[in-house]
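Architecture and fold: a report
Here are the chains, one letter per residue:
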Amino acid sequence: MTATHDALVPARLVRGALIGVGGFNALSAIGGGIGLLTPGSMGLPVDVIAGSGFTSYFWPAILLIVVIGGTQLLAVIAEVRRAATALFWAAFAGFAMIIWIFVELAAMGGFSALHGIYFATGTLQLVLVFALLGIAPAVVGARAVAARR
């Protein structure tokens, strides 16, 4: 199939997936941050972040809520409104999620399934953005990309 044929996946479904992944990430980050602000609710002892420069989960929680949750929420709102900057914010949010996971892995010195899940959702956001930009035209064909613009 070439880029001039119909898309394998309609752009509206890719947009819907982008909104869904961003919404999941936003709710998870905001909920996780709130959970970290509630003493003992997440069951994570402070020694998990020993050596990271943090003596409590307060600042990591604020960063998780504002930086990760906030950019994810901004990306979802921009995409729902079809703002000209929607794909920029979705890419920014996806990269921010991936960077957060790498920093968290370094700070905690261990891996959990959640790290894999959120690394995958950040990567998926980037793949969906690339598809809508026409970088992956076999997924969303040239006609669908042109229709988005």
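**Here we look at the side chain of Q72**
- Here Q72 lies in helix α2 (residues 58-80).
- Judged by its relative accessible area of 0%, Q72 falls in the buried class.
- If we ignore the near neighbours within four places in the chain, the residues touching Q72 are G22, N25, A26, A93, G94, M97 and Q125.

**Some points on the pattern of salt bridges**
- Following the criterion strictly, the structure yields one salt bridge and no others.
- Among the ionic pairs, R15 bridges to E79, the shortest N-O distance being 2.5 Å. Residue R15 is found in helix α1 (residues 11-37), and its partner E79 is found in helix α2; the two are separated by 64 residues along the sequence. Exposure class is identical for R15 and E79. Each is buried.

**Details of the confidence of the model for the protein**
- Taken over all residues, the pLDDT of the protein has a mean of 87, while the share at 70 or more is 85%.
- Per-element averaging of pLDDT across the protein places helix α5 (residues 142-148) at the bottom with 54 and α2 at the top with 97.

**What about the nonpolar core?**
- Of all hydrophobic cores here, the largest spans 15 residues; its most connected members are V14, L18, L87, A90, L128, V129 and L132.
- Of all the elements in the fold, those that place two or more residues in this core are α1, α3 (86-108) and α4 (113-133).
- Ranked by size, the runner-up nonpolar core spans 12 residues in total, among them L36, I68, A96 and I101.

**Digging into the packing of α1 against α2**
- Orientation of α1 relative to α2, taken along the N-to-C sense of each, is 160 degrees, at an axis distance of 8 Å. The angle between α1 and α2 places the two elements in the roughly antiparallel class. Here α1 runs over α2; the crossing is left-handed.

**Here's the deal with a nonpolar patch on the surface**
- Residues L37, F54, F58, W59, L63, V66 and V67 make up a contiguous nonpolar surface patch of about 620 Å² in total accessible area.
- Sorting elements by how many residues they give to the nonpolar patch places α2 first, with five residues.
- When you line up the elements, V67 lands in helix α2.

**Focus on the packing of aromatic side chains**
- Enumeration over the complete set of coordinates arrives at six aromatic pairs.
- Ring centres 6.0 Å apart and planes at 40 degrees place the aromatic pair F88 and F92 in the tilted group. Of this pair, F88 and F92 both sit in helix α3, four residues apart, roughly one helical turn.
- Here the aromatic residues F88, W89 and F92 are joined through ring pairs into a cluster of three or more.

Criteria and cut-off values
Residues numbered from 1 in each chain as written. Predicted model: local features only at pLDDT ≥ 70, side-chain atom pairs only at ≥ 80, totals over all residues. Heavy atoms only, no water. Helix = DSSP H or I, 4+ residues; strand = E, 2+ residues; numbered from the N terminus. Buried < 20%, exposed > 50% of the residue type's maximum accessible area, 1.4 Å probe, protein only. Contact = heavy atoms within 4.5 Å. Salt bridge = Lys/Arg side-chain N within 4 Å of Asp/Glu carboxyl O. pLDDT = per-residue confidence, 0-100. Core = buried A, V, L, I, M, F, W, Y, C linked by side-chain atoms within 4.5 Å. Axes fitted to C-alpha atoms, helices over the stretch in contact; angles between N-to-C directions. Parallel < 35°, antiparallel > 145°, perpendicular 65-115°, else oblique. Left-handed = near helix turned anticlockwise from the far one by under 90°. Patch = residues over 30% accessible without salt bridge, like charges linked within 9 Å, V, L, I, M, F, W, Y side chains within 5 Å. Areas by Shrake-Rupley, 256 points an atom, 1.4 Å probe, with all protein chains shown as cover. Phe/Tyr/Trp six-rings, centres within 6.5 Å; stacked < 30°, edge-to-face > 60°.

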